[in-house]
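Commentary on secondary and tertiary structure
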Amino acid sequence: SLTVKQKATIKDFLSKVTSRHEDIGAEALSRMVAVYPQTKSYFAHWTSTDPGSAPVRKHGVTIMNGVYDAISKIDDLKGGLLSLSELHAFMLRVDPVNFKLLSHCMLVSFAMFYPDDFTPVVHVAIDKFLAQVALALCEKFV
Ligand code: ZNH
């Protein structure tokens, strides 16, 4: 689990990158559909699932907003993200493996936009945080 210091690192980094969180979210989701095209199947109802397209960029921002929302729930992610978990598990039926793919693309995007701030120490903390968010969103699977 996350240490007190890691929680501080996560909050510090995410508040630092907040001014570009829309670009980061759009980049992360564009990369996910480009690098792992099988993930597009969840978005088949959109007008486009191409990397960089308007719906992909828009949803990248939505997801990044979800990540930001999770910061305030960091001490109880499973409880705090319960309704989002129900959406992903029961309604959307997102296979948990996809959360790892998206988290990876988010890490790459953070590193792209903030190469100096995204130190190995930050990387570890954000990686753990995204894994815990993913776990909370998959909670309803078990
Ligand atoms: Zn998700 C939706 C978040 C992951 C798929 N999402 C969503 C939303 C949010 C989110 C916030 C919106 C909701 C409402 O509207 O209510 N996600 C999120 C997060 C994460 C995620 C935070 C992690 C981190 N997702 C994910 C994945 C996938 C998904 C991985 C697959 C691949 N989502 C999804 C879908 C949807 C969502 C499909 C719906 C959309 C539409 O339809 O438009």
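What you see is a predicted model; the values in this text were computed from it and never measured.

Per the secondary structure count, the chain includes seven helices and zero strands. Put simply, the chain runs from its N terminus to its C terminus through helices and strands in the order α-α-α-α-α-α-α. Taking 14 Å as the expected radius of gyration for a compact globule of 142 residues, we find that the chain reaches 14 Å, a close match to that expectation. Within the chain, the fraction of its 142 residues that count as buried is 28%. Look at the contacts in the chain between residues 6 or more apart in sequence, and 76% of them connect residues 24 or more apart.

This next bit is on the packing of helix H2 (residues 21–35) against helix H3 (residues 54–71). Contact pair H2 / H3: the axes reach a minimum separation of 7 Å and the direction vectors enclose 115 degrees. Between H2 and H3 lies a crossing whose hand is right-handed. Between H2 and H3, the contacting residues are His21, Glu22, Ile24, Gly25, Ala26, Ala28, Leu29, Ser30 and Val33 on the first element and Val56, Arg57, His59, Gly60, Val61, Ile63, Met64 and Tyr68 on the second.

In the vicinity of the ligand there are 19 residues, among which Tyr42, Ile63, Gly66, Asn98 and Leu102 approach most closely. Within the residue set of the shell around the ligand, elements represented by two or more residues are H3, helix H5 (82–91), helix H6 (97–113) and helix H7 (120–138). Broken down by element, the residue count for the shell around the ligand peaks at five residues, all from H3. Classifying every residue of the shell around the ligand by side-chain character gives 13 nonpolar, six polar and no charged.

Per-residue confidence for the chain gives a mean pLDDT of 96, with 99% of residues at or over 70. The least confident element of the chain is H5, whose mean pLDDT is 92; the most confident is helix H1 (residues 4–16), at 98. Confidence metrics for the complex model read pTM 0.96 and ipTM 0.97.

Okay, the nonpolar core next. With 30 residues, the main nonpolar core has Ala28, Ile126 and Val133 as its most contacted residues. Secondary structure elements with two or more residues in this core: H1, H2, H3, H6 and H7. The dominant element in this core, judged by the number of residues it contributes, is H7, at nine residues. In this structure, Val133 is in contact with Val67, Ala70, Leu77 and Leu81, ignoring residues within four places of it in sequence.

Along the chain, Val94 falls in the loop between H5 and H6. For the pair Val94 and Ser41, spaced 53 residues apart in sequence, the C-alpha to C-alpha distance is 10.0 Å.

The subject of this paragraph is the environment of Leu84. Structurally, the position occupied by Leu84 is in helix H5. Ignoring any residue separated from it by four or fewer positions in sequence, one finds Leu84 in contact with Gly66 and Leu137.

About the thresholds
Numbering of residues begins from 1 in every chain and follows the order in which that chain's sequence is written. In keeping with the predicted nature of the model, local features appear solely for residues at pLDDT of at least 70, side-chain atom pairs appear and are counted solely at 80 or more, and the whole-chain, interface and lining totals rest on all residues. To qualify as a helix, a DSSP run of H or I must reach at least 4 residues; to qualify as a strand, a run of E must reach at least 2; elements of each kind are numbered from the N terminus. The globule rule is 2.2 Å times the number of residues to the power 0.38, and the radius of gyration it is compared with is taken over C-alpha atoms. The exposure label follows from counting other C-beta atoms within 10 Å of a residue's C-beta, where the C-beta atoms are placed from the backbone and the thresholds are 20 or more for buried and 12 or fewer for exposed, leaving partly exposed in between. We call two residues in contact when the distance between their C-beta atoms, placed using the backbone, is within 7 Å. An axis is simply a line fitted to the C-alpha atoms; with a helix, the fit covers only the stretch in contact. Between two such axes, the angle follows the N-to-C directions and lies from 0 to 180 degrees. Crossings are classed by handedness, with left-handed meaning an anticlockwise turn of the near helix from the far one by less than a right angle and right-handed meaning a clockwise turn. Any residue qualifies as near a molecule or strand once its backbone-derived C-beta atom lies within 6 Å of it. Under this grouping Gly is polar, as are all residues other than the nonpolar Ala, Val, Leu, Ile, Met, Phe, Trp, Tyr, Cys and Pro and the charged Asp, Glu, Lys and Arg. As a per-residue measure, pLDDT reflects the predictor's confidence and takes values from 0 up to 100. Remark: nonpolar core denotes a set of buried Ala, Val, Leu, Ile, Met, Phe, Trp, Tyr and Cys residues whose joining runs through C-beta atoms within 7 Å.

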